[in-house]
Amino acid sequence: MAAWLPSCPHGVLFRGGEEREARQYFIDRGYLEAVIGLPSNLFYGTGIPACILVLNKDGAAQRDHVLFINADREYREGKAQNHLRPEDNDKIVHAYRAGQNIDGYAKRVPVADIKAEDYNCNIRRYVDNAPPPEPHDVRAHLHGGVPVSEIDSLGHFWQNYVSLRESIFVPRATAGHGIWYADFAANLADKRDIAQHINGHAVVIQCHDQFMTYLADWWQQHLPVTEALAPDADNQHATGRNVYAVRATLLDSIERTFAGQHLLNRYQVRGAFANYYKGLVSDFKSIAACGWGPELIPDEDILQSQFPEVLVELEQQHARLAELQALFAAAGEEDFEDSDDTGVLPANEVKTLKDELKEANAEWKDQLKMLKGAAGDLFTEIKVAGLLPKGAKKGFYCTEGYAQGEAEFGNGQRVLDLAASVEHTSTFTSVIEAAMTAGQQGEATAERIEVKLTTHKALEDEAKSLKAAIKSTEAKKDELVEQARLKISKDEARQVIVERLGKLLFESYRQYLRADQRACIAALESLWGKYAITVKQVEAERNEAAKALQNFLMELGYE
């Protein structure tokens, strides 16, 4: 029985001393069955690549080779660490179980060869998977055109997407040398046109649609295998209820079904299904244990079918809250400018404005008090001088508009006009005029600040209201879902669950098809970057720029 040693650093494969002696011991006795190299940064907290040593006493006496598997280039990049994709795991397992040579990936190395290398088990010594160097055609760099040899190297895409090559490249005849180069088609005037062209190409779309049609047919054909998971009167102890047996059956079947196509290789076909099944293994186990229960239907699916307006409302609330939170976050940046006049303010500016508002309010209130006092004094002077017109009321000149709740600084003009009409001069006149001007300015400043703060406060209040509304809608959503589940029969649940399982399967494969399409775009964009602009064009542009610079310097008086 094989034993998989925990992942080790690659140093155990080539260091001397006791480690060399351990390798010699395992190899000479035939215990070392395989060495598997893994990608770097695969394990959290360490960026170095690791390896797995497979030790197996079964058949050790007859074992005269060691299987080396170099899988360090096939993985999915992540932020904190890298990950093995389902197809990567499947390829490693397949290569190990098959025990055969796979070019650039796996190799059966005779023990004699390892002994000749002094028991050095460095994986790259036996399986070199380094990509070939990037080719560069000097003639193409100088005179333009894409080398046909490099176009031919993308045969995977030309085999799958018939006529795509002809729609992208136009052969370029070279006198006396045949056709060794090609130009990009005239409709591809820019590198960005490549993605648009491929994404909209009829053959690419048709090829993917045909693949998905075959997949849908396969799903319908093998649906009974999945449905057999659920227990019933005749299926209480059926082998079909073994979740992992069903997985193995479907995995082998889908590999055979798509063995004749070239869009996805066998590892991608198996990997897409393995990835799909892994995400739903809990659902399959629940089906096998309890049948088609409504509890297996996701809340979102029930809401979408029964209460779509709730999802729309929730989506709108989340979208608006996210927009507001983005505004507040942007306002916290050092170089923030409210170019869109949203009204949001940085936190430090809010504090400053509140302080300024307090000062402006105190200022205009002081000026209002001063205005009221000076107006009363001037009115008294006119009255004492015996110049007060008959019927003149003190309240009209000295009270109206002087309360803080109804401040009207312009009313000070009334008593000034009264003094002018009776030709009475007083020192209180300048005091009143100054208080009116300063008070109006202070009040205007306070109102302007108040508008800013009110707008900002309204956005903050809206965000708080949205959070409360989302919480309320979520509660309402949960209640509606539970009520709806009680009304779903087993047969209705089966139909909904089966439909969901099919959709997720199709989406898993669509992701792999889209990845192949993106790889095609990237390869062609790489050719564009290498050969679309020739060295002569670069030199011409350089000379033109140098000439323009020289003319500019001459205009400035530099010779």
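(A) Seen up close, the overall build of the protein chain. In terms of helices and strands, the protein chain carries 20 helices and nine strands. Its C-alpha atoms give the protein chain a radius of gyration of 41 Å, clearly above 24 Å, the size a compact globule of 559 residues would have. Along the longest, intermediate and shortest principal axes, the C-alpha atoms of the protein chain span 135 × 90 × 60 Å. The buried share of the protein chain, taken over its 559 residues, is 38%. Within the structure as shown, the protein chain displays about 32300 Å² of accessible surface, and the carbon and sulfur contribution to it stands at 53%. When the 62 positive and 84 negative side-chain charges of the protein chain are each reduced to one mean point, those points stand 5 Å apart.

(B) Region of interest: the environment of Leu314. Mapped onto the elements, Leu314 comes out in helix α14 (residues 308-331). Taking the C-alpha atoms as reference points, Leu314 and Phe328, 14 residues apart in sequence, are found 21 Å from one another. With sequence-adjacent residues up to four places away left out, Leu314 is seen in contact with Ile470, Thr473, Glu474 and Lys477.

(C) Focus on the nonpolar core. Within the largest apolar cluster, 68 residues are counted, with the highest numbers of intra-cluster contacts made by Phe169, Phe273, Tyr509 and Leu524. For this core, the element with the highest residue contribution is helix α19 (residues 490-531), accounting for 16 residues. Once residues lying within four places of it in the same chain are set aside, the contact partners of Phe169 are Val146, Ile151, Trp158, Ala182, Asp183, Phe184, Leu524 and Leu527. Ranked by size, the runner-up nonpolar core spans 29 residues in total, among them Val350, Leu353, Ala374 and Phe379.

(D) Seen up close, the packing of aromatic side chains. Under the criterion given, the structure shown has 16 aromatic pairs. For the ring pair Phe169 and Phe184, a centre distance of 5.1 Å and an interplane angle of 40° mean the geometry is tilted. Within this pair, whereas Phe169 is found in strand β8 (residues 169-174), its partner Phe184 is found in strand β9 (residues 178-184), the two being separated by 15 residues in sequence. You can call Phe169 buried: its relative accessible area is 6%.

(E) Region of the structure containing helix α2 (residues 86-98). Compared with the 18 Å implied by 1.5 Å per residue over 13 residues, the 18 Å span of α2 between its first and last C-alpha is a close match. Directly after α2, the chain includes Gly99, whose backbone phi takes a positive value near 65°.

(F) Geometry of the pairing of strand β5 (residues 65-70). Across the six residues that make up β5, a large majority, six, are buried. The side-chain alternation of β5 yields two buried faces, one formed by His65, Leu67 and Ile69 and the other by Val66, Phe68 and Asn70. Relative to β5, strand β3 (residues 32-37) runs parallel, the two being bridged by four bridges. Directly across from Gly37, in β5, lies its bridge partner Asn70. Here β5 runs beside strand β6 (residues 106-110); their pairing, made up of five bridges, is antiparallel.

(G) View of the pattern of salt bridges. By the definition in use, this model includes 34 salt bridges. Of the charged contacts, one joins Lys476 and Glu313 as a salt bridge, the two residues approaching to 3.5 Å between their closest N and O atoms. Taken together, the residues span a long stretch of sequence, with Lys476 in helix α18 (residues 428-485) and Glu313 in helix α14 at a distance of 163 residues. Relative accessible area serves as the criterion here: at 37%, Lys476 is assigned to the partly exposed category. One network of salt bridges, in which partners are shared, links Asp90, Asp252, Glu255, Arg266 and Arg270.

(H) Region of interest: helix α9 (residues 192-199). Within α9 the residues assigned to the buried category are Ile194, His197 and Ile198. Buried residues in α9, looked at end-on, bunch into an arc of 90°, giving them a common side. Seen from the buried face of α9, the exposed residues on the opposite side, beyond 90 degrees, are Arg192 and Gln196.

(I) How the structure looks around the side chain of Glu33. When you line up the elements, Glu33 lands in strand β3. Despite its burial, Glu33 pairs with no opposite charge, the nearest such side chain being Arg63 at 4.3 Å. At 3.1 Å, the side chain of Glu33 and the side chain of Asn56 are in polar contact.

(J) Just the packing of α14 against α18, in detail. As a packed pair, α14 and α18 sit with axes 9 Å apart at the nearest point and diverge in direction by 150°. The pairing of α14 with α18 is recorded here as roughly antiparallel in orientation. Once α14 is placed against α18, the crossing between them reads as left-handed. Tallied by class, the residues present in the contact of α14 with α18 amount to eleven nonpolar, five polar and eight charged.

(K) Geometry of a negative patch on the surface. On the surface, Glu333, Glu334, Asp335 and Glu337 cluster together to form a negatively charged patch. Among the structural elements, Asp335 can be located in the loop between α14 and α15 (347-384).

(L) The arrangement of unusual backbone geometry in detail. We note that Asn41 has phi near 55°; this positive angle belongs to a residue other than glycine. In this structure, Asn41 sits in the loop between β3 and β4 (50-56). The residue Glu423 is not glycine, and still its phi comes out positive at about 55°. Topologically, Glu423 is positioned in the loop between α17 (412-421) and α18. On the accessibility criterion, Glu423 (73% relative accessible area) is exposed.

(M) Inspection of the state of the cysteines at higher detail. All chains considered together, the criterion is met by zero disulfides. Lacking any disulfide linkage, Cys207 is separated from the closest cysteine sulfur, that of Cys520, by 11 Å. For Cys207, a relative accessible area of 15% puts it in the buried group.

Definitions and limits used
- Residues numbered from 1 in each chain as written.
- Predicted model: local features only at pLDDT ≥ 70, side-chain atom pairs only at ≥ 80, totals over all residues.
- Heavy atoms only, no water.
- Helix = DSSP H or I, 4+ residues; strand = E, 2+ residues; numbered from the N terminus.
- Rg over C-alpha atoms; globule rule 2.2 N^0.38 Å.
- Buried < 20%, exposed > 50% of the residue type's maximum accessible area, 1.4 Å probe, protein only.
- Areas by Shrake-Rupley, 256 points an atom, 1.4 Å probe, with all protein chains shown as cover.
- Lys, Arg positive; Asp, Glu negative; His and termini not counted.
- Charge placed at Lys NZ, Arg CZ, Asp CG, Glu CD.
- Contact = heavy atoms within 4.5 Å.
- Core = buried A, V, L, I, M, F, W, Y, C linked by side-chain atoms within 4.5 Å.
- Phe/Tyr/Trp six-rings, centres within 6.5 Å; stacked < 30°, edge-to-face > 60°.
- Expected span 1.5 Å × (residues − 1).
- Pairing = 2+ DSSP bridges.
- Salt bridge = Lys/Arg side-chain N within 4 Å of Asp/Glu carboxyl O.
- Arc of directions from axis to C-beta.
- Polar contact = N/O pair within 3.5 Å; in protein donor to acceptor, adjacent residues only side chain to side chain.
- Axes fitted to C-alpha atoms, helices over the stretch in contact; angles between N-to-C directions.
- Parallel < 35°, antiparallel > 145°, perpendicular 65-115°, else oblique.
- Left-handed = near helix turned anticlockwise from the far one by under 90°.
- Nonpolar A, V, L, I, M, F, W, Y, C, P; charged D, E, K, R; others polar.
- Patch = residues over 30% accessible without salt bridge, like charges linked within 9 Å, V, L, I, M, F, W, Y side chains within 5 Å.
- Disulfide = S-S within 2.5 Å.

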